[in-house]
Protein chains: 2
Amino acid sequence: MGEEISNKQVILSNYVKTSVKESDMSLRTSKIQIKIPSGCDDAVLVKNLYLSVDPFILSLMKNQELDLPSFTLDSVCLVFILLGNAGFVTFILIVSEKQQLEMYELETENQRGETVYVSTASGAVGQLVGQFAKIAGCYVVGSAGNKEKSAFTLMKVDLLKNKFGFDGAFNYKEEQDYNAALKRYFPDGIDIYFDNVGGKMLEAVLNNMRLNGRVALCGMISQYNSLEQPEGVHNLINAIVKRVRMEGFFTSDHYHLYPKFLEMVVPLIKEEKITYVEDIAEGIESAPGALFSLYSGRNVGKLLVLVARE
Amino acid sequence: MGEEISNKQVILSNYVKTSVKESDMSLRTSKIQIKIPSGCDDAVLVKNLYLSVDPFILSLMKNQELDLPSFTLDSVCLVFILLGNAGFVTFILIVSEKQQLEMYELETENQRGETVYVSTASGAVGQLVGQFAKIAGCYVVGSAGNKEKSAFTLMKVDLLKNKFGFDGAFNYKEEQDYNAALKRYFPDGIDIYFDNVGGKMLEAVLNNMRLNGRVALCGMISQYNSLEQPEGVHNLINAIVKRVRMEGFFTSDHYHLYPKFLEMVVPLIKEEKITYVEDIAEGIESAPGALFSLYSGRNVGKLLVLVARE
């Protein structure tokens, strides 16, 4: 028998209707034995030190018709840990066959001199996408924002320009007309849009796309929260007129590129050509609040929950 | 001086607001000299025998903000003739440098055993797409319909199955729920959608798409006519969840494939492995009515106007 210890888990209490509330989740502590069950020779017991809090989680907390393994009530909320899907728990058992590994796709297929727009550009993904596009010689503009006009938003927009080296950055919450904002930053149009938000911003981008433009559909955070009915995109005709390619992707399809990613990114970080910002909440108890802050636009950079220091 | 003859032209009288009316166009007869102007050594004078009436024309008759060379009032309505863009006129002068050649893209990137759905499948493009997909070994279902329930619609659906050899066909006008109709014909989902209609049908298809599905955006006829505001597509999140690629295309980008197309299709027609239906209106005077019939869903197959027999 292994040592018996308590394992903290974050449980889904209610299906989320529109906006997530902290009370949709609850904390449960159970006793587990630190031991690999017999017959699981291939298994590794992992103690979570950090949890990753990602926008897509909300989709799984709704009782909706998507071809995704959505959460069930009274079960652990799934998150990404360092190298795999896991739960909002302190201890997990990773069985190698079932391990689903994840990474972010790098290939934005950009070319030197092309114009790139990144939404939620100060987030975990956006901050890297923009910097990679800059290294590839592109003109890069990002947008960020949060619910209240605050010094925090200014900080995000400031980060994009001064820390991440974007050519331009704007607070979308201050723009009455996304079309006009995009025309200001892209007078000759957008070649590549890395879409983290969907909805009205995607619609505005399609109006401003250049011939043979490409849209990487990474996330649609504007559609996950606060909306009974997702916003419609009314101008897909632009995809024909401008021969635009739009493609959705999931990190899990591209894990084979992870070694290549590390090979590329680690030296760039060491040479200080790539930088990143993390936003760390302490303790597994803070996971529901961290998730809530993600949809309120309160986080900056990669949002993590520190479960244990060792 | 060349021979002076009368040249009939169809002129745009009013910008179209929602639905096209025959009265939005008018016929004008002018005198021209059958002669190549001096300094145009590269030019050929062409007498139009047939005009092609295509769904996209309506987009050009509206005074809207699309990056397209839309028609101007009191000017000739543009159509495609055999090998280029021209006007709804009897005689045209084709100057080689300005010649913009057109063809339909064949590459649906389909693979044996994949499931293919084609909308407006009895139209000029749909009838060929479906047959090519059948030859490539795919399971093919098409839809067709018109405004009134009529024997004509039955004929279209009948054509799809019996003349073009589709595996299934349905009249979308008889379906209350496009989602349910698609689930009936594609219980395991759709791999490839050749979209000629856009709007609500595209939305239903996205719900029924399989992982790594592809959508060729060819036209959005449901959005050109009858709608003050185009319909929104509210479920683009499916493109992420299912990693769907959607890409718009124009015939003019693919003209280099035209010789290859002929090489492929001519023997298939001779061997009766490919067939086609044409719908021919007589006389240039019938062009406005033919265009109107296109948006009413009254035509079957490729819609042409016979201008002259020789």
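These numbers were taken from a predicted model, which means no experiment stands behind them.

Colleague: What is the right way to read the pairing of strand S9 (residues 139–144) of chain A from this model?
Modeller: A regular strand places its side chains so that they alternate between the two faces of the sheet. All names here are of chain A. Along S9, five of the six residues are buried, which leaves the element largely enclosed by surrounding structure. Tracing the backbone out of strand S8 (residues 115–118), into helix H2 (residues 126–135) and back to the parallel element S9 gives a crossover that is right-handed. Where S9 meets strand S10 (residues 168–171), four bridges bridge the pair, whose relative direction is parallel. Following the sheet pairing, Ala-144 is matched in S10 by Asn-171.

Colleague: Sorry, what's going on with the interface of chain B and chain A here?
Modeller: Across the contact, 33 residues belong to chain B and 33 residues belong to chain A. Of the roughly 2,900 Å² buried between chain B and chain A on both sides combined, carbon and sulfur atoms contribute 65%. When the buried surface of chain B facing chain A is broken down by residue, B:His234, B:Ile240 and B:Arg243 rank first, second and third, together holding 23% of it. Remark: the boundary between chain B and chain A carries four salt bridges. A salt bridge links A:Arg243 to B:Asp253, with the nearest nitrogen and oxygen atoms 2.6 Å apart. The interface formed by chain B and chain A includes eight residue pairs in polar contact (both at pLDDT 80 or more). Of all elements in the fold, only helix H7 (237–241) and strand S13 (245–248) of chain B reach the threshold of two or more residues within the side of chain B that touches chain A. In terms of residue count, the dominant contributor to the side of chain B that touches chain A is H7(B) (five residues). When grouped by side-chain class, the residues that make up the side of chain B that touches chain A number 19 nonpolar, seven polar and seven charged. Where strand S13 (residues 245–248) of chain A meets S13(B), three bridges bridge the pair, whose relative direction is antiparallel.

Colleague: Whenever I open this one, the relation of the copies chain B and chain A confuses me. Can you help?
Modeller: Each of the two copies of the chain can be brought onto the other by a rotation about an axis and a shift along it. Least-squares fitting of chain B to chain A yields an RMSD of 0.0 Å, with the transformation described by 0.0 Å of translation along the axis and a rotation of 180°. Here the symmetry operator amounts to a two-fold rotation axis. Looking at the rotation axis and the C-alpha trace of chain B, the residue lying nearest is B:Gly232, at 2.0 Å. An overlap of 100% is found between the interface residues of chain B and their copies at the interface of chain A, pointing to a shared contact surface.

Colleague: I'm lost on the pattern of salt bridges in this one. Help?
Modeller: Residues and elements named next belong to chain B. Evaluation of the coordinates by the stated rule reveals 20 salt bridges over all chains. A salt bridge links Asp-191 to Arg-210, with the shortest nitrogen-to-oxygen separation between them at 3.5 Å. Taken together, the positions of Asp-191 in strand S11 (residues 190–195) and Arg-210 in strand S12 (residues 209–217) put the pair 19 residues apart, joining distant regions of the chain. For Asp-191, a relative accessible area of 8% translates into the label buried. Since its relative accessible area comes to 35%, Arg-210 is described here as partly exposed.

Colleague: Just to check I follow, could you spell out the sheet that holds strand S12 (residues 209–217) of chain A for this structure?
Modeller: Within a beta sheet, neighbouring strands are joined by backbone hydrogen bonds and run either parallel or antiparallel to one another. With mixed pairing, twelve strands are arranged side by side in an open sheet as S10(A)-S9(A)-S8(A)-S11(A)-S12(A)-S13(A)-S13(B)-S12(B)-S11(B)-S8(B)-S9(B)-S10(B). Pairing within the sheet leaves two strands with one partner each, and these edge strands are S10 of chain A together with strand S10 (168–171) of chain B. Sheet twist, expressed as the mean angle between neighbouring strand axes with direction ignored, is 15°. Alignment of S8(A) against S9(A), held across four bridges, turns out to be parallel. Paired with A:Thr115 across the bridge in S9(A) is A:Tyr139.

Calculation rules
Residues numbered from 1 in each chain as written. Chains lettered and ligands numbered in written order. Predicted model: local features only at pLDDT ≥ 70, side-chain atom pairs only at ≥ 80, totals over all residues. Heavy atoms only, no water. Buried < 20%, exposed > 50% of the residue type's maximum accessible area, 1.4 Å probe, protein only. Helix = DSSP H or I, 4+ residues; strand = E, 2+ residues; numbered from the N terminus. Right-handed = clockwise from strand over helix to strand, strands pointing away. Pairing = 2+ DSSP bridges. Contact = heavy atoms within 4.5 Å. Buried area = accessible area lost by both parts, 1.4 Å probe. Salt bridge = Lys/Arg side-chain N within 4 Å of Asp/Glu carboxyl O. Polar contact = N/O pair within 3.5 Å; in protein donor to acceptor, adjacent residues only side chain to side chain. Nonpolar A, V, L, I, M, F, W, Y, C, P; charged D, E, K, R; others polar. Least-squares fit on C-alpha atoms with pLDDT ≥ 70 in both. Axes fitted to C-alpha atoms, helices over the stretch in contact; angles between N-to-C directions.

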